[in-house]
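# Inside the fold
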Amino acid sequence: MLVAPYIDAFNPPRRTLMGPGPSDVYPEVLAAQSRPTIGHLDPLFVGMMDELKELIQYAFQTTNEMTLAVSAPGSAGMETCFVNLVEAGEKVIVCRNGVFGERMRQNVERVGAVAVVVDNEWGEPVNPEDVEAALKAHPDAKFLAFVHAETSTGALSDAKALCGLAKQHDCLSIVDAVTSLGGVELRVDEWGIDAIYSGSQKCLSCVPGLSPVSFSPAAVEKLKARKTPVQSWFLDQTLVMGYWSGGASGGKRSYHHTAPVNALYALHESLRLLANEGLEAAWQRHADMHRVLRQGLEGLGLKFVVDEASRLPQLNAVYIPEGIDDGAVRAQLLESYNLEIGAGLGALAGKAWRIGLMGFGARRENVALCLKALEDVLN
Ligand SMILES: *Cc1c(COP(=O)(O)O)cnc(C)c1O
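Residues numbered from 1 in each chain as written. Predicted model: local features only at pLDDT ≥ 70, side-chain atom pairs only at ≥ 80, totals over all residues. Heavy atoms only, no water.

Its 17 residues give helix H10 (residues 261-277) an end-to-end C-alpha distance of 25 Å, which sits within 8% of 24 Å, the value for a rise of 1.5 Å per residue. The buried fraction of H10 amounts to 13 of the 17 residues, a majority that puts the element mostly inside the structure. Just downstream of H10, Gly278 is the residue with a positive phi angle, here 100°. (Helix = DSSP H or I, 4+ residues; strand = E, 2+ residues; numbered from the N terminus. Expected span 1.5 Å × (residues − 1). Buried < 20%, exposed > 50% of the residue type's maximum accessible area, 1.4 Å probe, protein only.)

So, about the sheet that holds strand S1 (residues 16-18). Taken in spatial order, the 4 strands make up an open sheet running S1-S12-S13-S11, and their pairing is mixed. A single partner strand is all that each edge strand has here, and the edge strands are S1 and strand S11 (315-319). Taking the axes of each pair of neighbouring strands and ignoring which way they run, one obtains an average angle of 30° across the sheet. Across 2 bridges, strand S12 (residues 339-343) lies against strand S13 (residues 352-356) in antiparallel orientation. Residue Ala343 lies in a different strand from S13, and its bridge partner there is Trp353. Sheet contacts for helix H12 (residues 326-337): S12 and S13; angle to S12, the most-contacted strand, approximately 160°. Contacting S1, S12 and S13, helix H13 (residues 364-378) crosses the sheet at an angle of about 85° to S1. (Pairing = 2+ DSSP bridges. Axes fitted to C-alpha atoms, helices over the stretch in contact; angles between N-to-C directions. Contact = heavy atoms within 4.5 Å.)

Looking now at the packing of aromatic side chains. Taken as a whole, this structure holds 2 aromatic pairs when the rule is applied. Aromatic side chains Tyr26 and Phe360 sit 5.0 Å apart centroid to centroid with 40° between the ring planes, which places their arrangement in the tilted category. With Tyr26 in the loop between S1 and helix H1 (27-33) and Phe360 in the loop between S13 and H13, this residue pair connects regions lying 334 residues apart in the sequence. According to the relative accessible area criterion, Tyr26 is buried, its value standing at 11%. In this arrangement the basic side chain of Arg253 is found over the ring face of Tyr243, its NZ or CZ atom lying 5.9 Å from the centre. (Phe/Tyr/Trp six-rings, centres within 6.5 Å; stacked < 30°, edge-to-face > 60°. Lys NZ or Arg CZ within 6 Å of the ring centre and 35° of its normal.)

Around the ligand sit 13 residues in total, of which Ser75, Thr151, Asp176, Gln201 and Lys202 are the nearest. Elements supplying a minimum of two residues to the shell around the ligand: helix H3 (74-85) and helix H4 (99-110). Residue classes in the shell around the ligand are distributed as 5 nonpolar, 5 polar and 3 charged. (Near = heavy atom within 4 Å. Nonpolar A, V, L, I, M, F, W, Y, C, P; charged D, E, K, R; others polar.)

Viewed as axis vectors pointing N to C, helix H5 (residues 128-137) and helix H6 (residues 159-168) meet at an angle of 15°, and their least axial separation amounts to 10 Å. In this view, H5 runs roughly parallel relative to H6, as classed from their interaxial angle. Where H5 crosses over H6, the handedness of that crossing is right-handed. Judged by residue contacts, Pro128, Val131, Glu132 and Leu135 of H5 engage Leu162, Leu165, Ala166 and Gln168 from H6. (Parallel < 35°, antiparallel > 145°, perpendicular 65-115°, else oblique. Left-handed = near helix turned anticlockwise from the far one by under 90°.)

Together, Trp233, Phe234 and Leu239 make up a nonpolar patch on the protein surface, roughly 300 Å² of accessible area in all. As for its position among the elements, Leu239 is in helix H9 (residues 237-244). Taking the relative accessible area as the measure of exposure, Leu239 reaches 35% and is therefore partly exposed. (Patch = residues over 30% accessible without salt bridge, like charges linked within 9 Å, V, L, I, M, F, W, Y side chains within 5 Å. Areas by Shrake-Rupley, 256 points an atom, 1.4 Å probe, with all protein chains shown as cover. Salt bridge = Lys/Arg side-chain N within 4 Å of Asp/Glu carboxyl O.)

Functional significance is not addressed by these values, which are geometric in nature.
Structure representation (structure tokens):
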């Protein structure tokens, strides 16, 4: 079976990624990832991890001690929050206005908890009044879970208001910030968010496969008070923290799993770039580039799915015009322009395109390429 000698090394083309993620990766991040692998308990690596934790705290705007990157993609960050904090039989209010809210509901059910679903239309933000009504109707609820930036539709929900409501009703908040982190305002401590997770491959413009996560002191208390062990060994934060803490805090790091060493170099670099730019400046850049893109898209006659007031700058969902072949357009963009835009997901499959302006992708060249390519292909 002589197979391997006939297989060439894989050399992907250089695409421009303007879908819902992964986004264009910073060249500096790709370079960081290719640096020499060292041991995951090497003192130099441990020093890098301490910096990485500080950088994640900055991106989340938190001083939470339990802040780290889960060694797996955003979905694992989501699962980390649910399996650690929610116990069987507990009640969770879950807001659903797109694909990822539904995924949260499935997580709740899989830990044996009870999901009370608050539905809002696809393309609309979570309605705080509906959430308040659910909190009042279910005084025994322990958590409120919602998606800050719903990538399936491009709707931004008011995380500050929702977390305020959770506090008023003695609930811990669990927030999906996979697409929001780095792209729009997000302040974990100021807004009182208890458990939050994100992803490396959206507005951080890092390689896919890592999920920054942070738990507030109240969430850590809830975790420590569990009556049953966390059912996932790999995602059990009480075990993982043995590896992530230590170092600066004086203890000794212990082996839990082999950290994805090179991927963590990449995340360190992408967060360093974000910190150097400044969070506020990055949020502003996303807003500015969105404005330029919006003008061009509207000039082509395309209509947005989400109302202006709750539109995400980093994820632009527009309806596919009548009589246009969705698949053919996206295939031609990929073939002729090396440009990827996103297809519709769930209820919007075949009906909308999702154009991402995430992280390193939120820049003028990308907007210009996308508008030119769409104009050519649509004509
Ligand atoms: C992409 C995404 C996820 C899942 O992240 P993966 O890295 O694909 O596992 C979860 N929530 C939202 C809002 C997302 O956009």
